[in-house]
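Structural overview for review
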Number of protein chains: 2
Amino acid sequence: MSDTPLNIALIGFGTVGTGVARILTEEHEQLRVRAGRELRLSRIVVRDLGKTREFNPADVPISSCIDDVLNDDSIDLAVQLVGGTDAALEYATRLLGAGKDLITANKALICAHGPELFQIAADGGRTICFEAAVAGGIPVVNAITTALTGNRIEAIEGILNGTSNFILTQMLSENQSYDQSLSLAQELGYAEADPTLDVDGTDAAQKLVILTRLAFSTDVPVGEMSRKGIDELTLSDLEAAASLGYRIKLLAMAKLNNGQLETSVQPTLVPQNRELAQTQGADNIVTITGSAVGRLGLAGAGAGQLPTASAVMADVVDFATGRAINTFKAVLRSRDQNPVEILPQDEQKHRFYLRCTVDDRPHVLADVTDILGRHGISISSLLQDESRMATASDQAARLIIMTHRVSEGQMRSADAELDALSCVQGNCLRLPVAD
Amino acid sequence: MSDTPLNIALIGFGTVGTGVARILTEEHEQLRVRAGRELRLSRIVVRDLGKTREFNPADVPISSCIDDVLNDDSIDLAVQLVGGTDAALEYATRLLGAGKDLITANKALICAHGPELFQIAADGGRTICFEAAVAGGIPVVNAITTALTGNRIEAIEGILNGTSNFILTQMLSENQSYDQSLSLAQELGYAEADPTLDVDGTDAAQKLVILTRLAFSTDVPVGEMSRKGIDELTLSDLEAAASLGYRIKLLAMAKLNNGQLETSVQPTLVPQNRELAQTQGADNIVTITGSAVGRLGLAGAGAGQLPTASAVMADVVDFATGRAINTFKAVLRSRDQNPVEILPQDEQKHRFYLRCTVDDRPHVLADVTDILGRHGISISSLLQDESRMATASDQAARLIIMTHRVSEGQMRSADAELDALSCVQGNCLRLPVAD
């Protein structure tokens, strides 16, 4: 047991910061045993000093100026829980420059600026930890960087956005529309007033970028990652998928295919017996396929005050014991490995679910299947359903087509022709099917 | 990157040892990057030099004498994959005494002799790692000792024995008897010729002892852990449970109840929507409930050559980077925490599933329910079923009773009276119901 405490500054004192402060205070003795030294919350920096707070740790100076941390040589470690990327990047850079080690839960920051921050840390002999940036309380960064080091990672598949998963679960279980479920998610605090980044897949894609760097030493910018949101899905899609033995999930996926890397974040039909399909509500899950371990599943709370604080605290204790620096050095070394070639989106192959709303008149089915046939797309099953039209007029029928395995490119070309057919109302919805 | 290789000796070259040697050989370059130094397999010790082997690493001296490792000062780390406890304890003690760090996958050894080995290691400044001793490729030791350090652990529930889970899954899905499924498990290599330790719960109990020490700083000897095997279960029990919305699983459980520790390994009715119930075949799962993280689930392969080698290799890389010593020191420190009081088995409260085979004659139901009533046991549901008797004669009926929450002690006393009733054939089967 060391006599030297680890002096910690908390930058940002919102939901997660309050959770971290609570744990540091309430579990003080147990943490001392686990960390081998006292973990001392020494300073807190907030944006607005006047705000009323649910928890105020005793005897911890609170200020609104980050210089109070930068200039305090006794501070070893900064736990930076500031959102966004502008101020967060500036703070992180200055904290590292001032010789502080850094923990952050900010996925947008690590996704957009991880490589440059890592280099700054490497140059200054500092360490960055970010377990809480991906999947909240689920230790997925830990799994990839320590537990699976004997494996070549072959695939990562995950439900990395709790908001979307809550909405999709709610729609199917309560027979609600997308809008109804979104409103409920907002009422319950699972979705923000502007839910765009959650429901359009951006949030999950940022997390997937981080995991892809760690697992495959390859940087796929979030803008180049194939991405589709859940807002085009209707209850009838979820029901049709369920009747075929699938659940539709916003699946984040990065996997090797003959040595090339496929990545995407999109609503995907997942066989209902897989644990990914059974993940309900706001929970997250990550399954990692490794060359030795096979498929490993990690499931739990992907957000929330205490689950996210649990991940932050794991990083804090790792700093205190000396594990963090060793893990971070390994992450830095892995940057020198050759990145994997990225498989162009159009060459990714899946089975597909295709839903088209079509005029209810002769020869429509012939027109549709002719286009698919000409693009070499083989149909595995087809359902024409006139009874349960959620959105279309009485003059319409719904076609649900499951294809055999084809490339995105083939499917995309066929899709464009389908959308141009006069008998097709609106656009067809095309979703991949997970193996 | 260090120029000094980590020299590793492999003691035992069976299934898992071969997997470890394969990974050290085939992933040599990648491991060097991750570990920051070369991981060199320097010596192998086997029992029988004459045996034909599926994999022979080039240029690695193989001997049948452990002295070759003990006397080789260049060896840093011994990966000891010898089964049983007698020779394994002797080897471990001598290896630690010779200044070698130790990795083992031997759960029986760590369960029975962990505390004394840890003390020997502590005295000599050595480290012991044992991720592979519990749940094969699932990093549950890592989760408790590093990822969840910000939590007070409240409960651990798991399916820690793949053999039993394979048998139970197979019985229900294929309408097989216990004996038929056991035979198939033996044919497929999931069960040994003598399956006793797997099906009677000993194997799972040994693993639970290890996890209980780590999570609760409390030593519950395997002999004092409440334990029941799966060999009394019939297909009709699994079917009755399924019709009530449950799966019967061999559940290993350690949890705090008002500050007291409950532990048991027994067939348990698990609500079918829980991930524990959905774990199929030979897979393992562990769910850990922490004060901050909530319920975290870890699922994957609990045995097998490469999954177990994956866990061993995580420990090897942890040694090479320097993480292992820091984690082991924390495990040593945690021994000084006060152990938790153990809740006597008779005071553990559950809902119960009770199955009795009774004579098909008047007043039987009155006799049975009178006994339950007099012991203060309230019935939640009762099913008398004459049509699907797997084992009893035509003159018999089967009673399935689900109780409300009562103590094991109440249930045990009632049980004894039930078994003594002249109308009850054989003994009643009593299983707890998980919350």
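Counting from 1, residues in each chain are numbered in the order their sequence is written. Each chain gets a letter, beginning with A, and each ligand a number, beginning with 1, in the order they are written. Residues qualify for local features only when their pLDDT is at least 70, as the model is predicted, and side-chain atom pairs are given and counted only at 80 or more; totals for whole chains, interfaces and linings, by contrast, use all residues. For side-chain calculations, the full set of non-hydrogen atoms in the structure is used, while hydrogens and water are omitted.

Observations concerning the domain arrangement of chain A
Frequently, the measure chosen for interface size is the accessible area removed from exposure when the parts meet. Residue and element names in this part refer to chain A. Note the threshold: These domain boundaries are the output of an automatic or database domain assignment. Contact between two residues is taken to exist if any of their heavy atoms lie within 4.5 Å; hydrogens are not considered. Two parts placed together each lose some accessible area under a 1.4 Å probe, and adding up what both lose gives the buried area. Salt bridges are defined as contacts in which a side-chain nitrogen from Lys or Arg sits within 4 Å of a carboxyl oxygen from Asp or Glu. Residues adjacent in sequence count toward polar contacts only when both atoms are side-chain atoms; beyond that, a polar contact is any pair of N or O atoms within 3.5 Å, and within protein one must be able to donate a hydrogen and the other to accept it. Under the DSSP-based scheme used, a helix requires at least four consecutive residues in state H or I and a strand at least two consecutive residues in state E, with every element numbered from the N terminus.
Domain annotation of chain A identifies domain 1 (6-136 + 307-334), domain 2 (150-301) and domain 3 (347-433). Averaged C-alpha coordinates put domain 2 and domain 3 at centres separated by 24 Å. If you look at the interface, domain 2 gives 18 residues, while domain 3 gives 19 residues. Of the roughly 1600 Å² buried between domain 2 and domain 3, counting both surfaces, carbon and sulfur atoms make up 54%. A per-residue breakdown of the area domain 2 buries against domain 3 is headed by Ser236, Asp237 and Leu269, which together make up 27% of the total. Applying the counting criterion to the domain 2 and domain 3 interface returns one salt bridge. The residue Arg355 makes a salt bridge to Asp237 at a minimum N-O spacing of 2.4 Å. In this structure, the connection of domain 2 to domain 3 is made through eight residue pairs in polar contact (both at pLDDT 80 or more). Contributions of two or more residues to the side of domain 2 that touches domain 3 are made by helix H11 (235-243), strand E9 (246-257) and strand E10 (260-271).

Things to note about a nonpolar patch on the surface
To keep it simple, the criterion reads: For patch building, the residue pool is restricted to those with more than 30% relative accessible area and no salt bridge; the joining distance is 9 Å between like charges and 5 Å between nonpolar side chains (Val, Leu, Ile, Met, Phe, Trp, Tyr). In short, Shrake-Rupley with a 1.4 Å probe defines the accessible areas, and a residue's cover is counted only from the protein chains shown.
On the surface, Leu365, Ile379 and Leu382 of chain B cluster together to form a nonpolar patch covering roughly 200 Å² of accessible area. Along the polypeptide, Leu382 of chain B turns up in strand E15 (residues 379-385).

Some remarks on the packing of helix H6 (residues 140-147) of chain B against helix H10 (residues 202-216) of chain B
When two helices pack together, their arrangement is given by the angle between the helix axes and the distance between those axes. All names here are of chain B. What counts here: In this analysis an axis means a line fitted to C-alpha atoms, helices contributing only their contacting stretch, and an angle means the value between N-to-C directions, from 0 to 180 degrees. Under this scheme an angle from 65 to 115 degrees is roughly perpendicular, one under 35 degrees roughly parallel, and one over 145 degrees roughly antiparallel; angles in between are oblique.
Where H6 meets H10, the axes come as close as 10 Å, and the angle between the chain directions of the two elements is 10 degrees. Considered as vectors, H6 and H10 are oriented roughly parallel to each other. Where H6 abuts H10, its residues Val140, Val141, Ile144 and Thr145 lie against Leu211, Leu214 and Ala215.

Re the relation of the copies chain B and chain A
The condition that has to hold: A least-squares superposition brings the copies together, and it is based on the C-alpha atoms of residues with pLDDT no lower than 70 in both.
For the pair chain B and chain A, the best superposition has an RMSD of 0.0 Å and corresponds to a rotation of 180 degrees with a translation of 0.0 Å parallel to the axis. Look at the turn and shift together and you get a two-fold axis relating the two. Of the residues that chain B buries at the interface, 100% are likewise interface residues in chain A, meaning the two copies contact each other through the same surface.

Quick word on the nonpolar core
The condition is simple: Note on terminology: a nonpolar core comprises buried Ala, Val, Leu, Ile, Met, Phe, Trp, Tyr and Cys residues joined through side-chain atoms within 4.5 Å. Each residue is assigned to one of three classes by its accessible area relative to the maximum for its type, calculated with a 1.4 Å probe on protein chains only: buried under 20%, partly exposed between the two thresholds, exposed over 50%.
By size, the foremost hydrophobic cluster in this structure holds 166 residues, and its most contacted members are Ile128 and Ile288 of chain A together with Ile128 and Ile288 of chain B. Once you skip the residues sitting within four places of it in the chain, Ile288 of chain B turns out to touch Val140, Ala143, Ile144, Leu148, Ile153, Ala155, Ile156, Gly294, Arg295, Leu296 and Leu298 of chain B.

Observations concerning the packing of aromatic side chains
Residue and element names in this part refer to chain A. Note the cut-off: Stacked, edge-to-face and tilted are the three classes for Phe, Tyr and Trp ring pairs, Trp counted by its six-membered ring, which pair at centre distances within 6.5 Å; planes under 30 degrees apart are stacked, over 60 edge-to-face, the rest tilted.
Taken as a whole, this structure holds six aromatic pairs over all chains when the rule is applied. A centroid spacing of 5.6 Å and a plane angle of 35 degrees characterise the contact between Phe118 and Phe130, whose relative ring orientation is tilted. With Phe118 in helix H5 (residues 107-124) and Phe130 in the loop between strand E6 (128-129) and helix H6 (140-147), this pair connects stretches of sequence that are 12 residues apart. Each member of the pair, Phe118 together with Phe130, is buried. Ring centres of Phe118 and Phe328 lie 5.3 Å apart, and the angle between their planes is 80 degrees; this geometry places the pair in the edge-to-face category. Highlighted residues: Phe118 in helix H5 and Phe328 in helix H13 (residues 323-334), separated in sequence by 210 residues. Phe328 carries the same exposure label as Phe118, and that label is buried. Here the aromatic residues Phe118, Phe130 and Phe328 are joined through ring pairs into a cluster of three or more.

Here's the deal with the interface of chain B and chain A
Operational definition: For this classification, Asp, Glu, Lys and Arg are treated as charged, while Ala, Val, Leu, Ile, Met, Phe, Trp, Tyr, Cys and Pro are nonpolar and the rest, including Gly, are polar.
Between chain B and chain A, the contact holds 48 residues from the first and 48 residues from the second. Three residues, Arg34, Arg323 and Arg333 of chain B, lead the burial of chain B against chain A; their summed loss comes to 17% of the area buried on that side. Taken together, the links from chain B to chain A amount to two salt bridges. Note that Arg152 of chain A is salt-bridged to Glu27 of chain B, the shortest N-O span being 2.8 Å. For the interface between chain B and chain A, the tally reads 22 residue pairs in polar contact (both at pLDDT 80 or more). Among the secondary structure elements, those contributing two or more residues to the side of chain B that touches chain A are helix H2 (28-35), H6, strand E12 (294-301), helix H12 (305-321) and helix H13 (323-334) of chain B. Each residue belonging to the side of chain B that touches chain A can be placed in one class, and the counts come to 21 nonpolar, 20 polar and seven charged.

Side note on the sheet that holds strand E2 (residues 39-45) of chain B
Residue and element names in this part refer to chain B. As a reminder of what qualifies: DSSP bridges decide pairing: two strands pair if at least two such bridges lie between them.
Strand order in the open sheet formed by six strands is E3-E2-E1-E4-E5-E6, and the pairing between neighbours is parallel. Both outer strands of the open sheet, strand E3 (62-63) and strand E6 (128-129), are each paired with one neighbouring strand and no more. Relative to E6, strand E5 (residues 101-104) is paired through two bridges, and the arrangement is parallel. For Leu102, the partnering residue across the bridge sits in E6 and is Ile128. Packed onto the sheet, H12 meets strand E1 (6-11), E2, strand E4 (77-80), E5 and E6 and runs at close to 160 degrees relative to E5.

Comments concerning the environment of Ser63 of chain B
Residues and elements named next belong to chain B. Here Ser63 is to be found in strand E3. Classification of Ser63 by relative accessible area gives buried; the value is 13%. In the structure, Ser63 is positioned 17 residues away from Val46 in sequence and 6.2 Å away in space, judged by C-alpha atoms. With residues near it in sequence (within four places) discarded, Ser63 still touches Ile44, Val45, Val46, Leu49 and Asp68. A polar contact is formed between the side chain of Ser63 and the backbone nitrogen of Cys65, at a distance of 3.3 Å. Polar side-chain contacts of Ser63 include one of 2.7 Å to the side chain of Asp68.

Here we look at the pairing of strand E9 (residues 246-257) of chain B
When a strand is regular, its side chains alternate between the sheet's two faces. Residue and element names in this part refer to chain B. Pairing between strand E7 (residues 153-159) and E9: four bridges, direction antiparallel. In the strand pairing of E9, Glu157 is matched with Met253. The pairing of E9 with strand E10 (residues 260-271) spans 12 bridges and is antiparallel. In the sheet register, Met253 faces E10, and the bridge partner there is Ser264.

Re the state of the cysteines
All names here are of chain A. Spelled out, the test is: In what follows, a disulfide is any cysteine sulfur pair within 2.5 Å.
Scanning the entire structure with this criterion turns up two disulfides over all chains. Through a disulfide, Cys356 is tied to Cys428; the S-S separation comes to 2.4 Å. Taking the sign of the S-S torsion, about 115 degrees here, the bridge from Cys356 to Cys428 comes out right-handed. Of the two residues, Cys356 is situated in strand E14 (residues 349-359) and Cys428 in strand E18 (residues 424-433); the sequence distance between them amounts to 72 residues.

Details of the pairing of E10 of chain A
Residue and element names in this part refer to chain A. Of all 12 residues making up E10, 12 are buried, and the element is well covered by its neighbours. Inspection of the sheet shows strand E8 (residues 226-227) paired to E10 by two bridges, in the parallel sense. Note on E10: the bridge partner recorded for Arg227 is Val265. In this antiparallel pair of consecutive strands, E9 and E10, the connection spans two residues, and Asn258 shows a positive phi of 50 degrees. Sheet topology note: the E10/strand E13 (residues 341-342) ladder contains two bridges and is parallel. By the bridge assignment, Leu261 is partnered in E13 with Ile342.

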